[in-house]
Amino acid sequence: MEKTPQSPEIRPGRLLSLDLMRGYTVAFMIIVNNPGDWSHVYAPLLHAEWNGLTPTDLVFPSFLFMMGCAIPFSLGGKISRGVKKSRLFAESVRRSAVLLGLGWLLAILAVAPDWGHFRFYGVLPRFAATYFVCATLFLFVRSVRFYVLTILGIVFGYSALLHWIPVPGAGFPGHDFPVMDPDANIVSWLDRKIVLWTQTHFGTGLLYKGTRDPEGALSTIAACATVMSGIVSGLIMQQANRQTSKHLITRWTLGGAAALLLSAGLSAWVPLNKNMWTGSFVLFCAGIDILLLRLLWQSVDSRPNYAPGRIAKAFEEFGTAFGANALIAFIVSEALTIFIDERLQFHGVTAHQFLYSSLFSGIHPENIRSLLYALTYLFVCFIPNFILYRKKIVIRI
């Protein structure tokens, strides 16, 4: 009798819940980043223009949260095995440098040969900066209380900065300009000063929004708090695995709920705003991510006899294939977008426009057509990840 092929396990010791959360987050990211037509996109698949929040705004902070959550398992495991901190610090520097290099490589591919429009900021550069800061800190401090207090310090300190620090050339927030003015705030001002410096010394530098950048310098400090919320979750899951304590899980759950409540209160002072990564945004995303990961972890990782049915297994494999090599999925999707949106052309139009008009022209309404293109793009990006998954290959930097 022919044996039924078994689903491959990527690597012993991996958190299935974290892979699933990461996998479906990267899948959602690919969908929202690649519609067939930006003029016809459902509102939840667009970022909030300024204040406010959509499901799409949760993608980036969720990745940072999950990166932080993995730190206690990766670095923490090596520390417990006696690996020297100097070696782990060197690994953190190398990993951060690789992330930064990959981000800048994609930026170069996007603008080449026009070096003058190169953008130093970006998604992977923010990953690099926040990972370096938080991984280095973790080498010396592994206390849940310390990270909770640090998160709160960053959240309220950053909020106070927006309200009380005068902006050169603009005046005092709340008096000479609205606190959340998109261009007059201290965050945007600093990004313009940094880019002016890079343009003066390197002849290049670009802000994503022209006068400001959603991945700028000060907001990256706030993003470190998002990574730290993941570290807190990772530490609690580690302790719960060792102690099988319901008390820890209850505190973790209540912590997520408290973050949401605190976010609601703080938003009256500093609104939810992804562009500036405000304190209320940090807390709201942390609360959502904590509760979602807790649900997944309780459903799969904390159940020794967990055995999903056929349909659940298919969803699990889809998420795991993306989640185990999420960085590969991100790079493939970004590089492919650059190629078909800008580099490759057919009959005087980009490959994107050609494929969209040729393959999806008969589909109505237009929002459905645009979404189907994004889903097709997701399937194409899934192929290399599925191959890696079937071969049990995890590419780590």
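The preceding data block contains the structure.
These lines cover the structure that appears in this document, whether it is placed above or below.

Conventions and cut-offs
- Residues numbered from 1 in each chain as written.
- Predicted model: local features only at pLDDT ≥ 70, side-chain atom pairs only at ≥ 80, totals over all residues.
- Heavy atoms only, no water.
- Helix = DSSP H or I, 4+ residues; strand = E, 2+ residues; numbered from the N terminus.
- Expected span 1.5 Å × (residues − 1).
- Buried < 20%, exposed > 50% of the residue type's maximum accessible area, 1.4 Å probe, protein only.
- Phe/Tyr/Trp six-rings, centres within 6.5 Å; stacked < 30°, edge-to-face > 60°.
- Lys NZ or Arg CZ within 6 Å of the ring centre and 35° of its normal.
- Axes fitted to C-alpha atoms, helices over the stretch in contact; angles between N-to-C directions.
- Parallel < 35°, antiparallel > 145°, perpendicular 65-115°, else oblique.
- Left-handed = near helix turned anticlockwise from the far one by under 90°.
- Contact = heavy atoms within 4.5 Å.
- Patch = residues over 30% accessible without salt bridge, like charges linked within 9 Å, V, L, I, M, F, W, Y side chains within 5 Å.
- Areas by Shrake-Rupley, 256 points an atom, 1.4 Å probe, with all protein chains shown as cover.
- Salt bridge = Lys/Arg side-chain N within 4 Å of Asp/Glu carboxyl O.

### Notes on helix α2 (residues 59-80)
1) Next: With 22 residues, α2 should cover 32 Å at 1.5 Å per step; its first-to-last C-alpha distance of 32 Å lies within 8% of that length.
2) Next: The element α2 is largely enclosed, with a buried count of 18 among its 22 residues.
3) Next: Trailing α2 by a residue or two, Gly82 shows a phi angle of about 90 degrees, which is positive.

### Things to note about the packing of aromatic side chains
1) Next: Under the counting rule described, the total for this entry stands at 24 aromatic pairs.
2) Next: Ring centres of Tyr24 and Phe318 lie 5.5 Å apart, and the angle between their planes is 50 degrees; on these two criteria the pair is classed as tilted. Placement of Tyr24 in helix α1 (residues 16-33) and of Phe318 in helix α10 (residues 310-324) is noted, with a sequence separation of 294 residues between them.
3) Next: Here Arg126 stacks its cationic end above the ring of Trp277, 5.0 Å away from the centre of that ring.

### A few points about the packing of α2 against helix α9 (residues 279-301)
Relative orientation and spacing of two packed helices are given, respectively, by the angle between their axes and the distance between those axes.
1) Next: α9 packs onto α2 with a crossing angle of 60 degrees between their chain directions and a minimal axis gap of 10 Å. On the basis of their axis angle, the class for α2 and α9 is oblique. Between α2 and α9 the crossing geometry is right-handed. Residues Pro61, Ser62, Phe65 and Cys69 of α2 pack against Phe281, Cys285, Asp289, Ile290 and Leu293 of α9.

### Examining unusual backbone geometry
The bulk of non-glycine residues show a negative phi, and the bulk of peptide bonds are trans.
1) Next: The omega angle of the peptide bond from Ala112 to Pro113 is 5 degrees, so this bond is cis rather than trans.
2) Next: When you line up the elements, Pro113 lands in the loop between α3 (85-111) and α4 (123-140).
3) Next: The peptide bond linking His364 to Pro365 adopts the cis configuration, its omega dihedral lying at 0 degrees.
4) Next: Along the polypeptide, Pro365 turns up in the loop between α12 (351-359) and α13 (366-390).
5) Next: Phi at Trp277 is positive, roughly 50 degrees, even though this residue is not glycine.
6) Next: Along the chain, the position of Trp277 falls in the loop between α8 (246-266) and α9.
7) Next: Here Lys392, not a glycine, exhibits a phi torsion of approximately 60 degrees, which is positive.
8) Next: Locating Lys392 in the fold gives a position in the segment after α13.
9) Next: For Lys392, a relative accessible area of 51% translates into the label exposed.

### Here we look at a nonpolar patch on the surface
1) Next: On the surface, Tyr42, Ile368, Leu372 and Leu375 cluster together into a nonpolar patch covering about 290 Å² of accessible area.
2) Next: Here Tyr42 shows up in the loop between α1 and α2.
3) Next: The exposure class assigned to Tyr42 is partly exposed, which follows from its relative accessible area of 32%.

### A look at the environment of His47
1) Next: Within the element layout of this structure, His47 appears in the loop between α1 and α2.
2) Next: Residue contacts for His47: discarding those within four places in its chain leaves Thr54, Thr56, Asp57 and Lys274.

### Comments concerning the pattern of salt bridges
1) Next: For the coordinates displayed, the defined rule picks out eight salt bridges.
2) Next: Ionic pairing is found between Arg119 and Glu215, a salt bridge with its closest N-O pair at 2.6 Å. Taken as a pair, Arg119 in the loop between α3 and α4 and Glu215 in the loop between α6 (186-202) and α7 (217-243) lie far apart in primary sequence, 96 residues in all.
3) Next: When the shortest N-O distance is used, the salt bridge between Arg212 and Asp183 registers 3.8 Å. In this pair, Arg212 sits in the loop between α6 and α7 while Asp183 sits in the loop between α5 (144-164) and α6, placing the two residues 29 residues apart along the sequence.
4) Next: For Arg212, a relative accessible area of 14% translates into the label buried.
5) Next: Residue Asp183 is classed as partly exposed on the basis of its relative accessible area, which comes to 33%.

### Examining the packing of α3 against α4
1) Next: Contact pair α3 / α4: the axes reach a minimum separation of 7 Å and the direction vectors enclose 170 degrees. Accordingly, the angle class assigned to the pair α3 and α4 is roughly antiparallel.

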